[in-house]
Amino acid sequence: MDSSKPYVICHMLGSVDGRIKQDIWGFKDHHKYFEETAEKIAADAWLVGRVTMQEFSSPTTPDLNNTVIVSREDFVALKSATYAVVIDPSGKCFWDTNMVSTEHVIEVLTESVSDGYLEHLRNNKVSYIFGGKDSLNLELVLRKLRQLFDIQTVRIDGGGHVNGSFLKANLIDEFSLVLAPVADGTIGTPTVFEAEEGYGNRMATQFKIKSVDRIYDDFLWIRYLVVRDSVNSR
Ligand SMILES: NC(=O)c1ccc[n+]([C@@H]2O[C@H](COP(=O)([O-])OP(=O)(O)OC[C@H]3O[C@@H](n4cnc5c(N)ncnc54)[C@H](OP(=O)(O)O)[C@@H]3O)[C@@H](O)[C@H]2O)c1
């Protein structure tokens with residue numbers, strides 16, 4: 001079994017000031033700027049945070065009363081060509097299908113989830129993996145995605161908090177930014193990377209340009225490679 005991590009590409013649509021919620025951007029079809037570029041990035045899976053996935057999962061909360069203890073073992077419901085992965089540590093996304101579009105759903109959980117929630121996932125044949133007891137080890141999560149589902153490349157599609165946690169853990173290899181020609185300016189909304197409150201010991205992640213394309217007249221699609229060990233290199 002291959003125990004290395006998949007190649008990780010983070011893909012986002014951002015305003016010139018790095019905001020990612022498009023509520024006031026005034027585009028007729030804002031999904032296309034994200035989706036049409038995302039489709040050009042070859043990947044076996046896309047991965048999002050719990051808040052973003054709740055836009056795709058079931059809006060109804062099922063009754064999770066359960067008296068059966070479900071062991072904390074990874075559950076592979078099925079193997080698919082492509083996957084939709086959600087970082088959902090305490091099990092807040094509910095499902096009445098195990099697919100988002102053509103992708104099979106994989107829930108990334110901590111062991112603190114309830115037995116009732118695990119039974120809910122099993123009943124709906126949603127796969128799940130554990131990334132830690134009370135908090136997630138994202139490197140372990142990536143290795144499990146490769147080992148259990150043969151995911152070689154994963155595209156992280158936001159939101160800002162999930163991007164920021166992978167950035168902070170130094171697990172991103174490429175960043176693909178569709179830069180929208182808007183200044184948003186809303187204070188307090190998520191930005192492309194929400195990694196840490198204030199300045200800690202962390203240094204910013206540096207990038208090197210892989211390609212730049214002008215698209216849809218006034219948008220830029222900038223693809224960056226992460227520069228490792230970049231301190232004092234510029
Ligand atoms: N412009 C774009 O390209 C784009 C793309 C995607 C999404 N969006 C927008 O972004 C917004 C959501 O972004 P967001 O930053 O608020 O939320 P998010 O990243 O989608 O989800 C954040 C949640 O994911 C879980 N999570 C993420 N990293 C974790 C970690 N390392 N350990 C444990 N849990 C972790 C936590 O869930 P719990 O709270 O359950 O613990 C956290 O609250 C939405 O409005 C969406 O539409 C925009």
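Placed above this text is the structure.
Residues numbered from 1 in each chain as written. Predicted model: local features only at pLDDT ≥ 70, side-chain atom pairs only at ≥ 80, totals over all residues. Heavy atoms only, no water.

Enquirer: Could you give an account of helix 5 (residues 160–168), with specific residues and numbers?
Expert: Listed as buried for helix 5 are Gly160, Val162, Asn163, Gly164, Phe166 and Leu167. Looking at the buried positions of helix 5, the neighbouring elements they touch are strand 1 (7–14), strand 2 (45–49), strand 3 (83–87), helix 4 (138–149) and strand 7 (153–156). After helix 5 finishes, the residue Asn170 shows a positive phi value of roughly 60°. (Buried < 20%, exposed > 50% of the residue type's maximum accessible area, 1.4 Å probe, protein only. Helix = DSSP H or I, 4+ residues; strand = E, 2+ residues; numbered from the N terminus. Contact = heavy atoms within 4.5 Å.)

Enquirer: Describe unusual backbone geometry, and please don't skip the residues or the numbers.
Expert: Backbone geometry follows two general trends: most residues other than glycine have a negative phi, and most peptide bonds adopt the trans configuration. The peptide bond linking Gly158 to Gly159 adopts the cis configuration, its omega dihedral lying at 0°. Here Gly159 shows up in the loop between strand 7 and helix 5. For Lys125, which is not glycine, the phi torsion reads 55° and is therefore positive. Take Lys125: it is sitting in the loop between helix 3 (115–123) and strand 6 (127–130). The backbone of Asp217 sits at a positive phi, close to 70°, despite the residue not being glycine. In this fold, Asp217 is placed in the loop between strand 9 (206–215) and strand 10 (219–227). Taking the relative accessible area as the measure of exposure, Asp217 reaches 60% and is therefore exposed.

Enquirer: Describe the site of the ligand, naming the residues involved and giving the relevant values.
Expert: Near the ligand you find 24 residues, and of these Leu13, Arg50, Thr52, Glu55 and His161 are the closest. At 2.9 Å from a nitrogen atom of the ligand is found a side-chain nitrogen or oxygen belonging to Gln22. Of all the elements in the fold, those that place two or more residues in the shell around the ligand are strand 1, helix 2 (50–53) and helix 5. Tallied by class, the residues present in the shell around the ligand amount to eleven nonpolar, eight polar and five charged. A domain split of the shell around the ligand shows at least three residues from each of domain 1 (1–44 + 157–234) and domain 2 (46–151). (Near = heavy atom within 4 Å. Polar contact = N/O pair within 3.5 Å; in protein donor to acceptor, adjacent residues only side chain to side chain. Nonpolar A, V, L, I, M, F, W, Y, C, P; charged D, E, K, R; others polar. Domains from an automatic or database assignment.)

Enquirer: So what's going on with the pattern of salt bridges? Which residues, and what values?
Expert: In the structure shown here, the tally under the stated rule is ten salt bridges. For Arg19, the salt bridge goes to Asp17, with nearest N and O atoms at 2.9 Å. Lys168 is the salt-bridge partner of Glu196, the closest N and O atoms lying 2.9 Å from each other. Taken together, the residues span a long stretch of sequence, with Glu196 in the loop between strand 8 (174–179) and strand 9 and Lys168 in helix 5 at a distance of 28 residues. On the accessibility criterion, Lys168 (44% relative accessible area) is partly exposed. Taken together, the shared-partner salt bridges connect Lys5, Asp173 and Arg228 into one network. (Salt bridge = Lys/Arg side-chain N within 4 Å of Asp/Glu carboxyl O.)

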